[in-house]
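Fold and contact review
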Amino acid sequence: MIVAMQEHANEEQIDAVIERMIEGGVNVHRTTGTTQTILAGVGPTSALDIDEFKLMSGVLSVHRISSPYKLAGRAFRPEGTIVEFNNGVRIGGDEIAIMAGPCSIESREQIFLTAKQVKEAGASFLRGGAFKPRSSPYAFQGMGIPGLKLMREAADSQGLLAISEVMEISQIEPMLPYVDCFQVGARNMQNFNLLRELGKVRKPILLKRGMSATIEELLLSSEYILAGGNYDVILCERGIRTYETYTRNTMDISAIPVVKALSHLPIVGDPSHGTGRRDMVPAMAKASVAAGADGIIVEVHPNPDKAASDGAQTLFPERFAKLVEELRLIATAVGRSIASPVAAAAAK
Ligand code: PEP
Ligand code: MN
C-alpha cells in the first residue's frame, strides 16, 4: 500500500499514519522527496482499510501496489532516486557516470596505470574485480583483498570512486573499507541471502541483471536490498543470453527505458559484457546513454590482449578516451552531461 502525504503534511500527521500502518501489521518504508513524503506499507495489506487512511489528516492519496515489487516501483519515489557518493558524484540525476577499469585487478602497476588513464579520459569510478566468478575453476579467480587494497590506493591517487564485485556474504565485511560501491554480478542476481545482507549495508549496490533474468526478476531482486533499508541501489543491464551467437550476450537496450518507466532506481549499461566484443562496445555504450542510462560501466586495460580475464571485450585506453568524448555529444543531445568527480585527489 502506498500512502502519499500532502505537500505540507507535518511530522505529527506522518507519524500518526505510520503508527496506524504498523498497527495494521505492515512494515513501513518512508521516502521524503522534494515536495512530498511517501509511505509504503509492505506485507499483508488485505486487512487494511484504504478508506480509513484516506480520511486521516495530511493524507493526499492511498492506493494498493499491484506490482510484485513494492519498493522498487516508481510510485515509491516518483521523482526518481539519486545515489550520491562522497566525492560529489550523483547517479540518477542529470549527470551520467562513467565507470571504467579492468575486468580483474592483476597487479599494482596495472591498476595504477589504468586508474590514471581512465581518470584522464573522464571516468569517475574505477572498476576492477578482486573476486571473480569464472566459468572454469582453473581460470584466474582474482587477487582477493590484497587486490582490493591496491585498487583503493589507485582510486584514491586519482580521486576516483571504487567499485568491485562481492560474491558471497563472508566477503562483505572485509571489502567494506575498500569499496565505495558493491557490485552484484549477473550470476548472483538471485543469490537472495547475499542480497538480504546487502540490504543491511550502508553503501550503494550496483545490481546486474542475471543473464537469463526478466526485468521483473531484476526488480524483485532489488526489492530484497531495498526491503532491508538500503535504498541506494543502481541497476545494470549487461546483456542476456539469447539464441544469437555473434555476440557474447544480447545487449537489451530496451530494458533501459522499461526500467525507467517501472522503477525509480537508476540504471547503467554495461556494453562490455553486453557484447563480449571490443569493436561493438562503443556503439552499445552510446546506445545506452541515448536510451536514458544513468551511466555506463566499461572494461578498460592498458594492454587488453594480456588481460587475465575478458580481454576480448576490453577497450584500449585510447579508444576509451575517444568514447568518452563521443558520449559527451550523446549526453548533450539527450539534455544531460558527463559527471566529473570533484577533485578529491587534489584535496588529499
Ligand atoms: C564483471 O563485471 O567483470 C562481471 C563478471 O560481470 P557480469 O556479472 O555481468 O558477468
Ligand atoms: Mn568482466
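Residues numbered from 1 in each chain as written. Chains lettered and ligands numbered in written order. Predicted model: local features only at pLDDT ≥ 70, side-chain atom pairs only at ≥ 80, totals over all residues. Heavy atoms only, no water.

**Description of the overall build of the protein chain**
Scanning the protein chain for helices and strands turns up 12 helices and 15 strands. Here the C-alpha atoms of the protein chain give a radius of gyration of 21 Å, agreeing with the 20 Å that 2.2 N^0.38 yields for 348 residues. For the protein chain, the spread of C-alpha atoms along the three principal axes comes to 65 × 40 × 40 Å. Counting all 348 residues of the protein chain, 54% fall into the buried class. In the protein chain, the share of contacts with a sequence separation of at least 24, taken over all contacts with a separation of at least 6, comes to 69%. If you sum the accessible surface of the protein chain, you get close to 14400 Å²; carbon and sulfur atoms cover 53% of it. Charged side chains of the protein chain number 36 positive and 39 negative; the gap between the two group centres comes to 6 Å. (Helix = DSSP H or I, 4+ residues; strand = E, 2+ residues; numbered from the N terminus. Rg over C-alpha atoms; globule rule 2.2 N^0.38 Å. Buried < 20%, exposed > 50% of the residue type's maximum accessible area, 1.4 Å probe, protein only. Contact = heavy atoms within 4.5 Å. Areas by Shrake-Rupley, 256 points an atom, 1.4 Å probe, with all protein chains shown as cover. Lys, Arg positive; Asp, Glu negative; His and termini not counted. Charge placed at Lys NZ, Arg CZ, Asp CG, Glu CD.)

**As for the coordination of the manganese ion (ligand 2)**
At the metal site, the manganese ion (ligand 2) is ligated by Cys103 (SG), His273 (NE2), Glu299 (OE) and Asp310 (OD), and these contacts range over 2.0 to 2.4 Å. All donors of the manganese ion (ligand 2) belong to a single chain; written as a sequence motif, their spacing is C-x169-H-x25-E-x10-D. Within this pair, whereas Glu299 is found in strand β14 (residues 295-299), its partner Asp310 is found in the loop between β14 and α11 (317-333), the two being separated by 11 residues in sequence. (Donors = N, O, S within 2.8 Å, 3.2 Å for Na, K, Ca; no water.)

**With respect to empty space enclosed by the protein**
Here the idea is plain: a probe the size of a water molecule rolls over the atoms and shows the empty space left. Inspection of every chain in the model, using the stated rule, returns one cavity of 30 Å³ or more. Top contributing element to the lining of the largest cavity by residue count: strand β9 (residues 161-165), with three residues. Taken together, the residues of the lining of the largest cavity sort by class into one nonpolar, four polar and three charged. (1 Å grid on protein atoms, 1.4 Å probe; cavity = no way out; pocket = protein on both sides within 12 Å on 5 of 7 lines; lining within 4 Å. Points joined across faces, edges and corners; volume = space filled by probe spheres on them. Nonpolar A, V, L, I, M, F, W, Y, C, P; charged D, E, K, R; others polar.)

**What about the sheet that holds strand β2 (residues 27-32)?**
As summarised here, the arrangement of the four strands in space is β2-β3-β1-β4, forming an open sheet in which the pairing is antiparallel. Looking at strand neighbours, the two that pair on one side only are β2 and β4 (59-63), the edges of this open sheet. Direction aside, the axes of adjacent strands within the sheet are offset by 15° on average. Here helix α1 (residues 11-23) sits on the sheet in contact with β1 (2-5), β2, β3 (37-42) and β4, set at roughly 10° to β3. (Pairing = 2+ DSSP bridges. Axes fitted to C-alpha atoms, helices over the stretch in contact; angles between N-to-C directions.)

**Considerations on the packing of aromatic side chains**
Taken as a whole, this structure holds three aromatic pairs when the rule is applied. Geometrically, the ring pair formed by Phe85 and Phe125 is edge-to-face, given 4.9 Å between the ring centres and 90° between the ring planes. Of this pair, Phe85 sits in the loop between β5 (83-84) and β6 (90-91) while Phe125 sits in strand β8 (residues 125-127), and the two are 40 residues apart along the sequence. For Phe85, a relative accessible area of 8% corresponds to the buried category. (Phe/Tyr/Trp six-rings, centres within 6.5 Å; stacked < 30°, edge-to-face > 60°.)

**Thoughts on the environment of Arg90**
Relative to the helices and strands, Arg90 is located in strand β6. When the C-alpha positions of Arg90 and Ser340 are compared, they lie 9.8 Å apart, and in sequence the two are 250 residues distant. A distance of 3.2 Å separates a polar atom in the side chain of Arg90 from a polar atom in the side chain of Glu84. (Polar contact = N/O pair within 3.5 Å; in protein donor to acceptor, adjacent residues only side chain to side chain.)

**Points about the side chain of Thr31**
With respect to the helices and strands, the residue Thr31 is situated in strand β2. A polar atom in the side chain of Thr31 sits 2.8 Å from the side chain of Arg77. If we skip the residues at most four places from it in the chain, Thr31 touches Gln36, Thr37, Ile38, Phe76 and Arg77.

**A few points about the layout of surface pockets**
Space inside the largest pocket adds up to approximately 230 Å³. Looking at the largest pocket, it is lined by 18 residues, and the ones nearest its centre are Pro133, Arg187, Arg248, His273 and Asp310. For the lining of the largest pocket, a count of residues per class yields three nonpolar, six polar and nine charged.

**Focus: the nonpolar core**
In terms of nonpolar packing, the biggest core is built from 70 residues, with Leu126, Leu148, Phe182, Leu198, Leu207, Leu235 and Phe320 touching the most fellow members. When residues of this core are sorted by domain, at least three fall in each of domain 1 (2-66) and domain 2 (83-347). For Leu126, the residues in contact, after removing those within four places along its chain, are Ala100, Gly101, Ile111, Ala115, Val118, Met151, Ala154, Ala155, Leu160, Leu161, Ala162 and Ile163. Core analysis: the second largest hydrophobic core is formed by 16 residues, Ala97, Met99, Cys181 and Leu206 among them. (Core = buried A, V, L, I, M, F, W, Y, C linked by side-chain atoms within 4.5 Å. Domains from an automatic or database assignment.)

**Focus on the packing of helix α3 (residues 108-121) against helix α4 (residues 145-158)**
α4 packs onto α3 with a crossing angle of 30° between their chain directions and a minimal axis gap of 9 Å. In terms of orientation, α3 and α4 fall into the roughly parallel class. Crossing of α3 against α4: the hand is right-handed. Contacts between α3 and α4 involve Arg108, Ile111, Phe112, Ala115, Lys116 and Lys119 on the former and, on the latter, Leu150, Met151, Glu153, Ala154, Ser157 and Gln158. By residue class, the composition of the contact of α3 with α4 is six nonpolar, two polar and four charged. (Parallel < 35°, antiparallel > 145°, perpendicular 65-115°, else oblique. Left-handed = near helix turned anticlockwise from the far one by under 90°.)

**Comments concerning the domain arrangement of the protein chain**
With domains assigned, the protein chain is organised as domain 1 (2-66) and domain 2 (83-347). The C-alpha centroid of domain 2 is placed 35 Å from the C-alpha centroid of domain 1.

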